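As a plain string of letters, each chain reads:
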Amino acid sequence: MPKKGMRSLCFHSKSPSFAAYSSSPSRPSSVSFPTPRRVPVTNFTDAMIEDIIGNAAVLVMKWNPETSTYAKVTSLFYESKREAQQFIRCVTELQKAMHFLVSEDPTSEKIVHAQSLMEIAMKRLQKEFYQILSMNRAHLDPESVSTRSRSSVTSARSSTSDYDDGGATTDDDVRFAGESISEVEQVSSVAMADLKSIAECMISSGYAKECVHIYKIIRKSIIDEGMYKLGVERLSSSQIHKMDKEVLDLRIRSWLNAVKMSISTLFKGEQILCDHVFASSASIRESCFTHISREAATLLFGFPQVLVAKSKKSSSSLDVFRLLDMYTSISEAWPEIDSIFSFESTAAVRSQALNSLIKLSESVRSMLSDFESTIQKDSSKSVAHGGGVHDLTLRVMNYLSLLTDYSNVLVDIVTDWPPPAKSSLPESYFDSPHSEDGQAPVISLRMAWLLLVLLCKLDDKAKHYKDVSLSYLFLANNLQYMISKVRTSNLQYLLGEDWISKHETKVRQFAENYEGLAWGKVFASLPENLTAEISPEEARLIFRNFNFSFEEAHRKQRTSVVLDGKLREEMQVSIAKKLVSAYREFYDAHRLTVGGGRNVALYVRFAPEDVENHLSDLFFGAMDLDGSSSHRRSSLRL
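Since the model is a prediction, treat every value here as computed from it, not as a measurement. Numbering of residues starts from 1 in every chain and runs along the sequence as written. Predicted model: local features are reported for residues with pLDDT of at least 70 only, side-chain atom pairs are reported and counted for 80 or more only, and whole-chain, interface and lining totals are derived from all residues. Calculated side-chain values reflect all of the structure's heavy atoms, with hydrogen atoms and water omitted.

### Quick word on the overall build of the chain
Definition in use: Runs of H or I in DSSP of at least four residues are treated as helices and runs of E of at least two as strands, each being numbered from the N terminus. Exposed residues in this analysis have more than 50% of their type's maximum accessible area, buried residues have under 20%, and partly exposed residues fall in between, with area computed by a 1.4 Å probe over protein chains only. Any two residues having at least one pair of non-hydrogen atoms within 4.5 Å are treated as being in contact. Here the Shrake-Rupley method, with its probe set to 1.4 Å, supplies the accessible areas, and only the displayed protein chains count as covering residues.
A count of helices and strands for the chain gives 26 helices and zero strands. Buried positions account for 52% of the 638 residues belonging to the chain. For the chain, long-range pairs separated by at least 24 residues make up 81% of all intrachain contacts whose partners lie at least 6 apart in sequence. Of the accessible surface of the chain, which amounts to about 30,300 Å², a share of 51% is contributed by carbon and sulfur atoms.

### Re the packing of aromatic side chains
Selection criterion: Between 30 and 60 degrees the pair is tilted, below 30 it is stacked and above 60 it is edge-to-face, where a pair is any two Phe, Tyr or Trp rings, Trp via its six-membered ring, whose centres lie within 6.5 Å. In this analysis the charged atom, NZ for Lys or CZ for Arg, is taken to sit over a ring once it is within 6 Å of the ring centre and within 35 degrees of the ring normal.
The final tally for this structure, using the stated rule, is 20 aromatic pairs. Between the aromatic rings of Phe-289 and Phe-341, the centroid separation amounts to 5.7 Å while the plane-to-plane angle is 40°, which identifies the pairing as tilted. Linking Phe-289 in helix α15 (residues 282-307) with Phe-341 in the loop between α16 (320-340) and α17 (347-377), this pair joins segments that are 52 residues apart in sequence. By relative accessible area, Phe-289 is classed as buried at 1%. Consider the rings of Phe-543 and Tyr-583, whose centres lie 6.3 Å apart with planes at 85°: the pair is edge-to-face. Here the residue Phe-543 occupies a position in helix α23 (residues 536-557), and Tyr-583 occupies one in helix α24 (residues 565-590), the gap between them amounting to 40 residues. Residue Tyr-583 is classed as buried on the basis of its relative accessible area of 0%. The structure contains a cluster of three or more aromatic residues connected by ring pairs, namely Trp-519, Phe-543, Phe-546, Phe-550, Tyr-583, Phe-586, Tyr-587 and Phe-606. Here the basic side chain of Arg-446 rests over the ring of Trp-417, its NZ or CZ set 3.7 Å away from the ring centre.

### Digging into the packing of α24 against helix α26 (residues 608-616)
How we decide: Fitting a line to C-alpha atoms yields each axis, with helices limited to the stretch in contact; the angle taken between N-to-C directions then spans 0 to 180 degrees. Any angle that is under 35 degrees is reported as roughly parallel, and any over 145 degrees as roughly antiparallel; angles of 65 to 115 degrees are reported as roughly perpendicular and all others as oblique. A crossing counts as left-handed when the near helix is turned anticlockwise from the far one by less than a right angle, and as right-handed when that turn is clockwise. Each residue gets one label: Ala, Val, Leu, Ile, Met, Phe, Trp, Tyr, Cys and Pro are nonpolar, Asp, Glu, Lys and Arg are charged, and the others, such as Gly, are polar.
Taken N-terminus to C-terminus, the directions of α24 and α26 make an angle of 165°; their axes are 9 Å apart at the nearest point. Considered as vectors, α24 and α26 are oriented roughly antiparallel to each other. The handedness of the crossing between α24 and α26 is right-handed. Residues Gln-572, Ile-575, Ala-576, Leu-579, Val-580, Tyr-583, Arg-584 and Tyr-587 of α24 touch α26, and the partners they reach there are Pro-608, Glu-609, Val-611, Glu-612, Leu-615 and Ser-616. Classifying every residue of the contact of α24 with α26 by side-chain character gives nine nonpolar, two polar and three charged.

### Details of the confidence of the model for the chain
How we decide: Values of pLDDT, which run from 0 to 100, indicate the predictor's confidence residue by residue.
Summary statistics for the chain give a mean pLDDT of 81 and a share of 79% for residues scoring 70 or more. Counted against residues more than four places away or in other chains, residues 623-638, with its pLDDT under 50, gives 34 contacts.

### Examining unusual backbone geometry
Glycine aside, negative phi is the norm for most residues, and most peptide bonds take the trans geometry. Positive phi, close to 75°, is recorded for Phe-619, a residue that is not glycine. Topologically, Phe-619 is positioned in the segment after α26.

### Observations concerning the environment of Tyr-481
Its place among the elements puts Tyr-481 in helix α21 (residues 468-487). Taking relative accessible area as the criterion, Tyr-481 reaches 23% and is therefore assigned partly exposed. Taking the C-alpha atoms as reference, Tyr-481 lies 10.0 Å from Val-562; in sequence the two are 81 residues apart. Tyr-481 has contacts with Val-389, Thr-393, Leu-394 and Met-397, leaving out every residue within four places of it along the chain.

### Overview of the pattern of salt bridges
The cut-off we apply is this: One side-chain nitrogen of Lys or Arg within 4 Å of one carboxyl oxygen of Asp or Glu is enough to make a salt bridge.
One pass over the structure, following the stated rule, counts 28 salt bridges. Put simply, Arg-253 and Asp-249 hold a salt bridge, and the shortest N to O gap is 3.3 Å. Of this pair, Arg-253 and Asp-249 are both found in helix α14 (residues 245-277), four residues apart, which corresponds to roughly one turn of the helix. Here Arg-253 falls in the partly exposed class, since its relative accessible area comes to 42%.

### Quick notes on helix α19 (residues 407-414)
Applicable threshold: Here, the arc refers to the directions that run from the helix axis to the C-beta atoms.
Turning to α19, its buried residues are Ser-407, Val-409, Leu-410, Ile-413 and Val-414. With its buried residues spanning 155° around the axis, α19 presents them on a single face. Among the structural elements, α16, α17, α18 (391-403), α20 (442-462) and α22 (491-524) are those in contact with the buried residues of α19.

### Side note on the packing of helix α6 (residues 109-135) against helix α12 (residues 208-229)
Packing of α6 against α12 leaves a shortest axis separation of 10 Å and a crossing angle of 15°. Comparing their axes, α12 and α6 come out roughly parallel. Of the two possible hands of crossing, α6 and α12 adopt the one that is right-handed. For the pair formed by α6 and α12, the contact residues are Gln-126, Phe-129, Tyr-130, Leu-133 and Ser-134 on the first element and Glu-210, Cys-211, Ile-214, Tyr-215, Ile-218 and Arg-219 on the second. Split into classes, the residues belonging to the contact of α6 with α12 amount to seven nonpolar, two polar and two charged.

### Considering the nonpolar core
Note the threshold: The criterion is simple. A nonpolar core is a set of buried Ala, Val, Leu, Ile, Met, Phe, Trp, Tyr and Cys residues joined through side-chain atoms within 4.5 Å. The split into domains, and so the bounds of each, comes from an automatic or database assignment of domains.
With 180 residues, the main nonpolar core has Phe-129, Phe-278 and Phe-301 as its most contacted residues. Both domains that furnish three or more residues to this core are identified here as domain 1 (364-429 + 440-506) and domain 2 (518-617). Those residues within four positions of Phe-301 in sequence are excluded, and the remaining contacts are Val-259, Ile-263, Ile-330, Ile-337, Phe-341, Val-349, Gln-352, Ala-353 and Ser-356.

### Examining the state of the cysteines
Note the cut-off: Cysteine sulfur atoms that come within 2.5 Å of each other are treated as a disulfide pair.
For the coordinates displayed, the defined rule picks out zero disulfides. Looking at the unpaired Cys-288, the closest cysteine sulfur is the one in Cys-274, lying at 4.8 Å. Residue class for Cys-288 comes out buried when judged on its relative accessible area of 0%.

### Here we look at the environment of Asn-257
Here Asn-257 lies in helix α14. Since its relative accessible area comes to 39%, Asn-257 is described here as partly exposed. For the pair formed by Asn-257 and Ser-329, sequence separation is 72 residues and the distance between their alpha carbons is 9.1 Å.

### Describing the side chain of Ser-471
Here Ser-471 lies in helix α21. Once you skip the residues sitting within four places of it in the chain, Ser-471 turns out to touch Ala-462 and Tyr-465.

### Some thoughts on the environment of Ser-293
For Ser-293, the location among the structural elements is in helix α15. With relative accessibility at 0%, the residue Ser-293 sits in the buried group. Along the chain, Ser-293 and Val-349 lie 56 residues apart, while their C-alpha atoms are 9.2 Å from each other. Discounting residues that sit within four places of it in the chain, Ser-293 has contacts with Phe-267 and Phe-341.

Shown next as structure tokens:
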């Protein structure tokens, strides 16, 4: 018989796995286990104490694996839920009796007997706790736990406070869930209830250390395994530096999924399970959850910081949109992160997540600055064919329209970023958006500035056209494309209608300048008084000048391009409205003045309908006066 006050810490079993778990390490000084609950001392008679110890001896020794082969290979909680709860009740009553004996007669031999039974009972519960945890890994995985409502847990659970009233979970009680929850959820709920009843019994009996040690090791292995399956592993900056862009992108996508799954299921599920099993002790809940999750969570949220720590030489392999995805992922999950890792002992997790947000912000701002520099330093002298939209415009506007899909997080990222200096750029170009209070948000100013930088660069590129009229068509095309991208993206909310309206006015001005330069000689070839009487020689001269100027203008402008359909039609109508109607009036008044027969065909080469049709072919690209592309014509008849 063991000496009074002694308790064995080792469970002798043929199972090496359990032996490994049952050997507890030295208790860390930072973890304070609760003092065994002082059971109110009840007045017991000698007969009552004899009955309590006798009843406990029968049940405890029945399930003593050291003296019973049956007990060694059989699980008490699996074999009979009712007997398992009787076992818990016996231990609870035994503890009460021991407290009474200590207060009444500390030297009583009954205390030694009761302590021996308590140690055997604790070994049994320790074995049961390990078995339930290890055998129900699939049913107690964080995803199953996190998706099950707390109501189902509450309905199936049992607590030590229930034992005295006979309210513990029994075999019959388990059947309640069959109609409302799945079999997996049902088994999980029962396992959680059993774990809780064992944990509360062991903690109240002073065996918290053994119970917690088993729980920490098994549950931490599940979290670590879950992180591995999600593709999260420790990587150095140099390892990331050596990855191909495609491989790195896969890593980032895997990480984004890992954050989503770990917050919604892995860590959340573990928190729910830990809170349920150790509901009786806040300090144990914190100790267990911190030990199980802190290392994995710190590794997970540390990845962005390692990623952006790469050298500038390799920064080209980073995609600003992936960084914004990562920022968004942590930012949106922050309320859950702050809630799940709310303990002081998990402050390192919260700190790591915040540090990653800071580093991602810095990296995004740096990449935006680099993007601005790329626009400003673009030195290509190539021009867009026919005054069309330049490749630089396409790239910049596509970039910015995608960028503003992240407006919600960009607002946070650029909030403390000083607004750009106007530098030497013309004041007339800096049309920043304005809010109602006159102060535009920093993100709006930043977008307006980048568009301004692009416009100034396009001004420079327009100078490379030998035909000045094409330079204005080029500016009209590119600015119209910019406005179109603004209207069809979140840029419209950042820049506002005022910005759009001002720049639409500029498009019309560019179009008018183009029209005057490209078609001015044609307009001027017709007299001011279109119906005044003139001699046949004067009529022939005017028709001849019109033919020449119209053919020359059409030849030069037939390769011109206007990609925006609405703008193309507006420009066609504007030119036709001024030219066709005037020419028709002159044509009707003087066609016969040049003479009859062959003379008419010799001097009057275009009927008003011909002029109208040729104008309708404009701005599609290369066209000929022979009407080879007439299938593109639209009616401009006035």
